[in-house]
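Structural features, examined
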Amino acid sequence: MNLKSKNILIRICYIIPFLIFAYTFIDERFLVDERFRKVDFWIVIPMIVFLYQSFRNSIIGWLSAIILYLIFLFLISKGVLSSIDDLGAKIDMQEFIIQCMLVLIYLSLGFLYWKIRPKKRLI
């Protein structure tokens, strides 16, 4: 893979999460009837981190993206473990398998972020 296509792939890997968080921000902030809403920092901080990382691709931005990744991995794992208790009562086996597959996809995304980490640019 040449350097230009590798840089484009890296930018795409960081711009997609930014777009997801931006859509969530717009959906919560502007598409509701309430006039004054608080800004949810669980959405704004990842937006800023992924936008910065898609433009700059530095070690500091990568570390902050990985910290966000680990926080969301913890929250996802906590949700899957709590759904084990609800298995049979509130959710069925098919929904549980879908949750486990989404965790595996999320883990592969973390592996991809590990492979495309920057090695030279600090800031």
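Above: the structure in question.
In this text the structure is predicted, and so the values were computed from the model without any measurement.

Basis of the calculations
Note on numbering: residues in each chain are counted from 1, in written sequence order. In keeping with the model being predicted, local features are shown solely for residues with a pLDDT of at least 70 and side-chain atom pairs are shown and tallied solely at 80 or more, while totals for entire chains, interfaces and linings include all residues. Each side-chain value is derived from all of the structure's non-hydrogen atoms; neither hydrogens nor water enter the calculation. The axes used here are C-alpha line fits, helices contributing only the stretch in contact, and every angle between their N-to-C directions lies in the interval 0 to 180 degrees. Going along the chain from the N terminus, every DSSP run of H or I of four or more residues is numbered as a helix, and every run of E of two or more is numbered as a strand. The labels follow the angle: roughly parallel below 35 degrees, roughly antiparallel above 145, roughly perpendicular from 65 to 115, and oblique for the rest. By definition, turning the near helix anticlockwise from the far helix through less than a right angle yields a left-handed crossing, and turning it clockwise yields a right-handed one. Here, residues are in contact when the closest pair of their heavy atoms is within 4.5 Å. Each residue receives one of three labels: charged for Asp, Glu, Lys and Arg, nonpolar for Ala, Val, Leu, Ile, Met, Phe, Trp, Tyr, Cys and Pro, and polar for the others, Gly being one of them.

Contact geometry of helix α2 (residues 41–56) with helix α3 (residues 59–85) gives a least axis separation of 9 Å together with a crossing angle of 140°. On the basis of their axis angle, the class for α2 and α3 is oblique. α2 and α3 meet at a crossing whose hand is left-handed. Between α2 and α3, the residues in contact are Trp 42, Pro 46, Val 49, Phe 50, Tyr 52 and Gln 53 and Gly 61, Trp 62, Ser 64, Ala 65, Leu 68, Ile 71, Phe 72 and Leu 75, respectively.

Running from N to C, α3 and helix α4 (residues 93–115) point in directions that differ by 165°, and their axes come no closer than 11 Å. As judged from the angle between their axes, α3 and α4 are roughly antiparallel. Read as a crossing pair, α3 and α4 show a hand that is left-handed. In this structure, α3 uses Trp 62, Ile 66, Leu 68, Tyr 69, Phe 72, Leu 73, Ile 76, Val 80, Ser 83 and Ile 84 to contact α4, whose residues at the interface are Phe 96, Gln 99, Val 103, Tyr 106, Leu 107, Gly 110, Tyr 113 and Trp 114. Split by residue class, the contact of α3 with α4 holds 15 nonpolar, 3 polar and no charged.

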